[in-house]
2 protein chains.
Amino acid sequence: MRNLASIVLCIIATVAYSQTQPQLNLMPMPASVQQGSGQLTITQAFSVAVSGTHDPALEAGVQRLTKQLSAQTGIPFRAKEGTSATLTVRADKDLESVLKLGEDESYQLTVTNSGAELTAPTTLGALHGLQTFLQLVTIGPSGFAAPAVTIKDQPRFRWRGLLIDVSRHFIPIDVLKRNLDGMAAVKMNVFHWHLSDDQGFRVESKVFPKLTGMGSEGKFYTQAEIRDLIAYAHDRGIRVIPEFDTPGHSRSWFVGYPELASNPGPFTVETESGTSSVTDPTREETYKFMDKFVEEMGKLFPDQYFHIGGDEVDGKYWDSNPKIQAFKQAHGMKTNADLQAYYNEHLEKILTKHHKIMVGWDEILRPDVPKTIVIQSWRGQQSLAVAAQQGYRGILSYGYYLDLMWPTAKHYAIEPLSGAAANLTPEQKALILGGEACQWAEWVTPENVDSHIWPRNAVIAERLWSPQDVTDVNSMYTRMHAISLELDSLGLTHNTAREEMLHRMAGTADVSPLRVLADVVEPVKDYNRWDDAKGPIDFHAPLTRLIDAAYPESDTALQFGALVNQYIQSGYKDQTAASQIRTWLTLWRYNDGKLRPMLQQSSLLQEDIAISQNLAMLGAAGLQALDYLEKGQPEPDLWKSQQLAVIDQAKKPVAGLLLQVAAPVQQLVEAAPQQSAHN
Amino acid sequence: MRNLASIVLCIIATVAYSQTQPQLNLMPMPASVQQGSGQLTITQAFSVAVSGTHDPALEAGVQRLTKQLSAQTGIPFRAKEGTSATLTVRADKDLESVLKLGEDESYQLTVTNSGAELTAPTTLGALHGLQTFLQLVTIGPSGFAAPAVTIKDQPRFRWRGLLIDVSRHFIPIDVLKRNLDGMAAVKMNVFHWHLSDDQGFRVESKVFPKLTGMGSEGKFYTQAEIRDLIAYAHDRGIRVIPEFDTPGHSRSWFVGYPELASNPGPFTVETESGTSSVTDPTREETYKFMDKFVEEMGKLFPDQYFHIGGDEVDGKYWDSNPKIQAFKQAHGMKTNADLQAYYNEHLEKILTKHHKIMVGWDEILRPDVPKTIVIQSWRGQQSLAVAAQQGYRGILSYGYYLDLMWPTAKHYAIEPLSGAAANLTPEQKALILGGEACQWAEWVTPENVDSHIWPRNAVIAERLWSPQDVTDVNSMYTRMHAISLELDSLGLTHNTAREEMLHRMAGTADVSPLRVLADVVEPVKDYNRWDDAKGPIDFHAPLTRLIDAAYPESDTALQFGALVNQYIQSGYKDQTAASQIRTWLTLWRYNDGKLRPMLQQSSLLQEDIAISQNLAMLGAAGLQALDYLEKGQPEPDLWKSQQLAVIDQAKKPVAGLLLQVAAPVQQLVEAAPQQSAHN
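Criteria and cut-off values
Residues numbered from 1 in each chain as written. Chains lettered and ligands numbered in written order. Predicted model: local features only at pLDDT ≥ 70, side-chain atom pairs only at ≥ 80, totals over all residues. Heavy atoms only, no water. Least-squares fit on C-alpha atoms with pLDDT ≥ 70 in both. Contact = heavy atoms within 4.5 Å. Helix = DSSP H or I, 4+ residues; strand = E, 2+ residues; numbered from the N terminus. Buried < 20%, exposed > 50% of the residue type's maximum accessible area, 1.4 Å probe, protein only. Lys, Arg positive; Asp, Glu negative; His and termini not counted. Salt bridge = Lys/Arg side-chain N within 4 Å of Asp/Glu carboxyl O. Axes fitted to C-alpha atoms, helices over the stretch in contact; angles between N-to-C directions. Left-handed = near helix turned anticlockwise from the far one by under 90°. Nonpolar A, V, L, I, M, F, W, Y, C, P; charged D, E, K, R; others polar. Pairing = 2+ DSSP bridges. Phe/Tyr/Trp six-rings, centres within 6.5 Å; stacked < 30°, edge-to-face > 60°. Lys NZ or Arg CZ within 6 Å of the ring centre and 35° of its normal. Buried area = accessible area lost by both parts, 1.4 Å probe. Polar contact = N/O pair within 3.5 Å; in protein donor to acceptor, adjacent residues only side chain to side chain.

Peer 1: What is the right way to read the relation of the copies chain B and chain A from this model?
Peer 2: The two chain copies are connected by a rotation around an axis plus a translation along it. Least-squares fitting of chain B to chain A yields an RMSD of 0.0 Å, with the superposition described by an axial translation of 0.0 Å and a rotation of 180°. Both copies of the chain, as the preceding transformation shows, are related through a two-fold rotation axis. Closest approach to the rotation axis among the C-alpha atoms of chain B is made by B:T496, whose C-alpha sits 4.0 Å away. Residue by residue, 100% of the interface of chain B is reproduced at the interface of chain A, so both copies engage with the same surface.

In C-alpha cells, the structure reads:
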C-alpha cells in the first residue's frame, strides 16, 4: 500500500509540475525560480542576520518579517545567542532618503536545508526578497518550512502603483497603512494618493487653510499624518505620489476659494455628485495661488513626481464665461483643449520651478508639452503608444480600474505592451514605465474598501512585476488564493468585512443562508451602478447593501462553472462532478425558504427577495436538467424554453447584483437531451 | 397560502414572547423593563444632547456611543444644526477622578416614537444607560430602531470584575483595551490586573528596575502605558485593581532580587511552570522592600484597593530553610499558615500606611486580620459565608474561572448568595460585594484570549448585575448570541481569531471540513489539560493546536443536543427534527474523507486524525439509529453494544479535545428499538 500511495503521489506531483508555472504560491511570480530538494524548517530558533550596509530601513524590514512570520506560523521565536542565523540578508546600498524611479529592485534568494541567503544590490531589492521568503513558508507534515529554491528576481516595470481615491469617501490613515502593507507584500512601489476631487479636499494646507477648513467636512489628513504615512511607505520601498486634480474635478477647492472658479459661487461639497465649476485658467491670480500651493505641497510630498490630474474638464463652465471666451479669442485658442493646454503649460513651469515632474491623465498630452512629463492613461495602450512615439513616458491604468468590479482574469489579461504598444520600438517600449491599479471611491467606505482592492490588486501587481509570459490563469487563481490568506494575516479586511456587513443586514438571525446567496452574486460591472443610480450620487448615503458587501468576483460561481464544464466535457459521465453539481443546486434550490424571513425582516435586505427567488429557480432548473442528463431521458416539450426564460430572468440585475451561476445552469439546461419529435 | 404562513409566524412569535424573560436582546438584563408600543427609528439625523453636568467623561461616552452606533448600523450620522436631539442624556454628578466602590450606578432610560431620554444620578449610571441604548437598536423591516421601552436599572452587586492574568502569557495593551470595551458593554466595573506571577513581572518599577529588567523577558508595561490604560478604564467607569501576588507565585521577583526568596537562587523566568521559591517573611529587608514597592505602585494605581494575592504558598521552601524554622519557633508559630499570617499582618500595615485596602485570596483570612480587608474566594460560597459571618467583605471567583472551559450555563448557574451564603443575615449578605471572572493565562495568547473570555464573560456579568431571578437558560443563550455580535463590532476577536488559526493549520487547503470538525469539539474541562501535559508547562511553546482554536463551548453540539431531545420527546414523530438530525449526521459521516488529506499534510493537525475518524463513526452510528427509529424496525443483535463501544471510544479526549456530539448520538442509539428476542 505504501508503494502504491507513493506512485500516485508522484503522478500528481508530475502533473502539477508540468503546468506552465511552478506551483510555489508566490505572487508576483519571480523572474527565475529554480527548485531544489529538501526544505528549511522554521522553528523557535529562527533568526535573521543582516550584513553589508546596516540600513535602518532594512533592519526595520527584517523586524517586520520576523513579526509577520511569527504571526503566520504562531511560533514565538526565541533564538539562542551565538547560534547562526536561519536567514542571512545582505544589501549593499541603503534606501535613498527620497525614493527614486528606476532604482535597482533586484534580489537573489537561495534556500537550502540548512539556511537561507538573501542578497541584493540595494535595500529596496532586499525588502522585496524578504516578502518572497515569507511567501515561501508553508505548513507541511513536519512543520512550517520553506522549500529549497534559488530565485533570481527583478521587476519588469519600474512603476507599479495603486491609486486610492480618498475624496469621494474619506479613507483614514490606518486603512491606508494596511493597504501599504498589502502593496509591499506584492512588491508594488507607488502609492498614488488621489487627494482632492469635487467631493472633498483632504490635505491640510497651512498656506490655504480654507481648502480643508471649508472643503473637507472635517475629513482630512494633517501634515503630520501625511509625513508619517510617507515615512511608513518609504520604509516599505513605496513612493508616494500626490494627486491634486485640476482644472476639473476641483469643486472642493472653490468652497473656500471661489475666486479660482470659472463661474460665481458659492460652492459646497455638501451637494451630491457632479461638478459645479472648473478652475479659471485666464486669471493671473490662479497661477499665483498654484505657485504657492505647489511650493507647500511639493515640500510636504518629497517625491519628484507630482500629479495634477487634468482629466475630464467640463468645458461648459468656460463656454458660459464671457471673460474666458474673450481670453481664448485674444490668445487665438480654438478649443477648450487649447485653453487647458495653456493652463498645463503654466502649471508645468510652476512644477519645474519647484523641482517637480508633472504627471497627468491622457488629456494633458498636447503638442509642445515638455518631454519630461508622464502620461497616465485611463484610455488604453493606444494612447500610451501614441505618447511613446512622441517621446513621452507613460503608465497604464486602463484595464486596472478596480472599482469596475471586473473578474480577476480580465485584469490579469491587460498587458501594457499589447495592442498598439506591442509594435513600438524597444526604445519606445522603455518609455512605458508600468501601470497603476485605481480604486475610485464612489462606492467604498473604510469598511469595504479592502475587499474592492484585494486580492485582485495582487494580480495587477504580478502583471507589472513578472515576466510577460506569466499568464496561466489557473495558476494565477491558485496563487492569488494563497496570497489572499497572507494578506488576511497582515490585517487587511478583504475577507472579514463581508461577514460583519452580512451580520448587520441579518440582525441576530443565522447568517448562513444569507452567506449562500452572497457567495453567488457579484455587483454589476463597469459603470452600470452609476447608470442605475439614475441621478447624482449621494456620497453621504450609507453603503450597507448586499451590493456593498458582495465580492467583485464570486469564487463559488467560478468553481461551479468549472465543474459544469468538466461534467459536459466528460460527456456527462463524470459522476463525481455530477454529484458536486447536484449538491450546489440543491443548496440553492432550498436556500430561499430559509432566507426569506430574514429578507423580509431587514430593511437592508428587502430589495434582495427577487434575487433569492431567482437563485431558487436556477437551482430547480439545474436539478431537472441534471436528472434528464443523468437518466438520458429526453425533456418534455416546452420545458427547455420555459427554463431558458427563467434563466434569462435570473440574469437580469436585481438590486445591483448579478447571479453569476445563471450561465453555467444555462449550459446544463441547454445540454439536456431534447425530444427528437418532428425534425 | 399567505394566510397560513401568517398563522404559523404568529404561533412562533407567541411562543417566543411567552418565555420567562422579555425578549429584548439586553445583557445584562436590566432590573426593570416595561415595553411600550412603537419604536424610535435611527436615521442619518441621529444626534445626542447632554444636559446637566457636562462631565468630559460623559461627553466622551456619548461620542463612543455615536461612533459605535454608526459602526453597527453603517449609517454615517450628520445631524442638521437646530434640530432636536434623538437621545437626551442627563447626569447630575461627574465621574470621580478616582472611581470608588459603591458609587450609584443606576439609570433610567425611556424610549418613545419621538425620542429617547436617559437620566442618571451619576455619569457612571449614564454610561451604563448608553450601553443599554446601544443594545436596544436592532434592524427591522423599516430600518434600524430602538423599541419603545421604559427601563429602570441598577446593579445587584457593587463589584463586577474580570481578572486577566498577564504573567503566564503577556497580553499587550491594545488587547486589554478591547477587553475593557467589552467589559463596559456588559457593565462590568472592575478590571483586576494580575500583574506578576512566577512566569513574569509585568510592571515597570523605577525603584526596583530589575523586577522587569530581569523578570519579564522584556515583556512588560511602562508606567506611561499603565497610566494610559487606567485612564481608558476610568473613562468607561471601570476601576483597575492591581495584583502583585506574594509571598507565593513570585519567582519573577527573585530573578532580579534573589534576597527576597526563602532559598538561594539564582532564579530565572526562562524555566517552565512550577515555583522555585516563596518570599522570605522573616527578614526585615523584605518589609523595607515591600514598603518602597507599595509606595511606588500605590501611586501608579490610584484605586483604593490593592491585591496582594496570598494564594497557594508552597511551604516546602520555608520548611527547608533553618533560619526560617528558627524564626517560627522563636515567635511561637506552629504552621506555615501562621507565618503567612505574620507576613500579611505586616503587609497590611504597609498598605494602610500608603492608604490602601488589602484584597487577597481565601488564604489571607486568618484570625486578627483587620476587618477592612476583602477576601476573593476561589474556594466557593462557603468560604465567603464564613468570612461574612466574621464581618469580612468578599467577592466570589469560584465558578467563574473562564480558563476551565466550562459550558456557559454552568457559569450562569453560579450564584454568589447560594449555598452557605444563602443563609446569611441581610447585613452579612451585604458584605458579599460581588464577583470576578478569572482568565488565567496558562493556555492563552493575545490571539485566542478573547475567545476564552467572550462571550461567556457576558453571562457572568449578568449574574452579578441582574436580579437574582434572571436565570432562564434559553433566554440567556439567545441574548448572549446577540451580545456576541455586538462585541464583534467593538473589535473583539472572539469570533474571528479561530478562522485565522484554522487557516494557519490548513495552509492553503479549503478550510471548510476543518471548520466542521472544529464546530463540534471542545477543549477538555477543568484541569485536565494541565494533567494531560504530564509535567511542567512550557510557557514559550506555540499555542496553535486545534485545542487552542476550539471554542470553550460548541454551539453546534448544543443545537444538535436540543434537536435530538426534541425528536425523542416527540416520540420519534417530529419529521423536521429528524431531517435536520440526518443532515448533521451525514455531514459528520463524510467529513473525515474530505478532511483527512489536510490532517495528514499539516504538522499541527496530525494529532486530530483520530478525532476526525471518531466523528465519522458517530455520524454512521447516528444514521443507522435514525434509520431504525424512522422505520420502526428493530436493530440486529449486537448492533447496540457495538455502537455504544464506538461511542465510548469517541467520548475519550483526543489531542485534548472532546467530541461534544457523542452524548446526543448515544441517546439516539439507545433509543433505537431492540429485538425483543428472549426476554
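That shown, we press on.
Peer 1: Even after reading the chapter, I still don't get the environment of A:G102, so can you show me in this structure?
Peer 2: Residue and element names in this part refer to chain A. Locating G102 in the fold gives a position in the loop between β3 (87-93) and β4 (107-112). A residue is classified by how much of its surface remains accessible, and G102, at 43% relative accessible area, is partly exposed. Each C-alpha atom, one on G102 and one on L433, is 9.0 Å from the other, the two residues being 331 residues apart in sequence.

Peer 1: Even after reading the chapter, I still don't get the side chain of A:E243, so can you show me in this structure?
Peer 2: Residues and elements named next belong to chain A. Here E243 shows up in strand β11 (residues 239-244). One buried charged residue, E243, forms no salt bridge at all, with the nearest opposite charge on R168 at 8.6 Å. Those residues in contact with E243 that sit more than four places away from it in its chain are L163, H192, W193, H194, L195, S196, H307, G309 and W361.

Peer 1: Is there a simple way to explain unusual backbone geometry in this structure?
Peer 2: When glycine is set aside, most residues are seen to have a negative phi, and most peptide bonds are trans. Residues B:M27 and B:P28 are joined by a peptide bond in cis, for which omega reads 0°. Inspection of the secondary structure assignment puts B:P28 in the loop between α1 (2-17) and β1 (32-41). With an omega dihedral of 0°, the bond running from B:G265 to B:P266 counts as a cis peptide bond. Tracing the backbone through its elements, the reader meets B:P266 in the loop between α7 (251-256) and α8 (284-300). The residue A:H249 is not glycine, and still its phi comes out positive at about 50°.

Peer 1: Help me out: how do you make sense of the packing of helix α24 (residues 609-631) of chain B against helix α26 (residues 662-671) of chain B in this one?
Peer 2: All names here are of chain B. Where α24 meets α26, the axes come as close as 8 Å, and the angle between the chain directions of the two elements is 35°. Of the two elements, α24 crosses α26, and the hand of that crossing is left-handed. Here α24 contributes L618, A621, G622, A625 and L629 to the contact with α26, which in turn contributes A662, V665, L668, V669 and A671. Classifying every residue of the contact of α24 with α26 by side-chain character gives nine nonpolar, one polar and no charged.

Peer 1: Please clarify how the pairing of strand β13 (residues 357-361) of chain B should be interpreted in this entry.
Peer 2: Residues and elements named next belong to chain B. Among the five residues in β13, five count as buried, and that is most of the element. Two elements, β13 and strand β14 (residues 374-377), share three bridges in a ladder whose sense is parallel. Across the sheet, the residue bridging to V359 is V374, located in β14.

Peer 1: What am I meant to see in the environment of B:G274 here?
Peer 2: Residues and elements named next belong to chain B. Mapped onto the elements, G274 comes out in the loop between α7 and α8. Here G274 falls in the partly exposed class, since its relative accessible area comes to 34%. Note: C-alpha distance between G274 and P370 (96 residues apart in sequence) is 32 Å.

Peer 1: Explain the packing of aromatic side chains to me, please; I cannot follow it from the model alone.
Peer 2: When we look at a pair of aromatic rings, we describe it by the centre distance and by the angle of the planes. All names here are of chain B. According to the stated counting rule, one finds 62 aromatic pairs over all chains in the structure shown. A cation over an aromatic ring shows up here: R236 above the ring of Y232, its NZ or CZ 3.5 Å from the ring centre. Its end group placed over the ring of W159, R239 keeps NZ or CZ at 4.7 Å from the ring centre.

Peer 1: Where do I start with the interface of chain B and chain A in this structure?
Peer 2: Interface size is commonly expressed as the accessible area that is lost once the parts come together. Opposite the 39 residues of chain B that make contact, chain A presents 39 residues. Taken together, both faces of the contact between chain B and chain A bury some 2700 Å²; the carbon and sulfur share is 54%. The tally of links between chain B and chain A comes to four salt bridges. The salt bridge partner of B:R78 is A:E270, with a shortest N-O separation of 2.6 Å. If you look at where chain B meets chain A, you find 20 residue pairs in polar contact (both at pLDDT 80 or more). Of all the secondary-structure elements, those providing two or more residues to the side of chain B that touches chain A are α2 (56-73), β6 (138-140), β7 (143-153), α17 (473-489), α18 (497-506) and α23 (575-601) of chain B. Class assignment for the residues of the side of chain B that touches chain A results in 13 nonpolar, 20 polar and six charged.

Geometry only, nothing functional implied.
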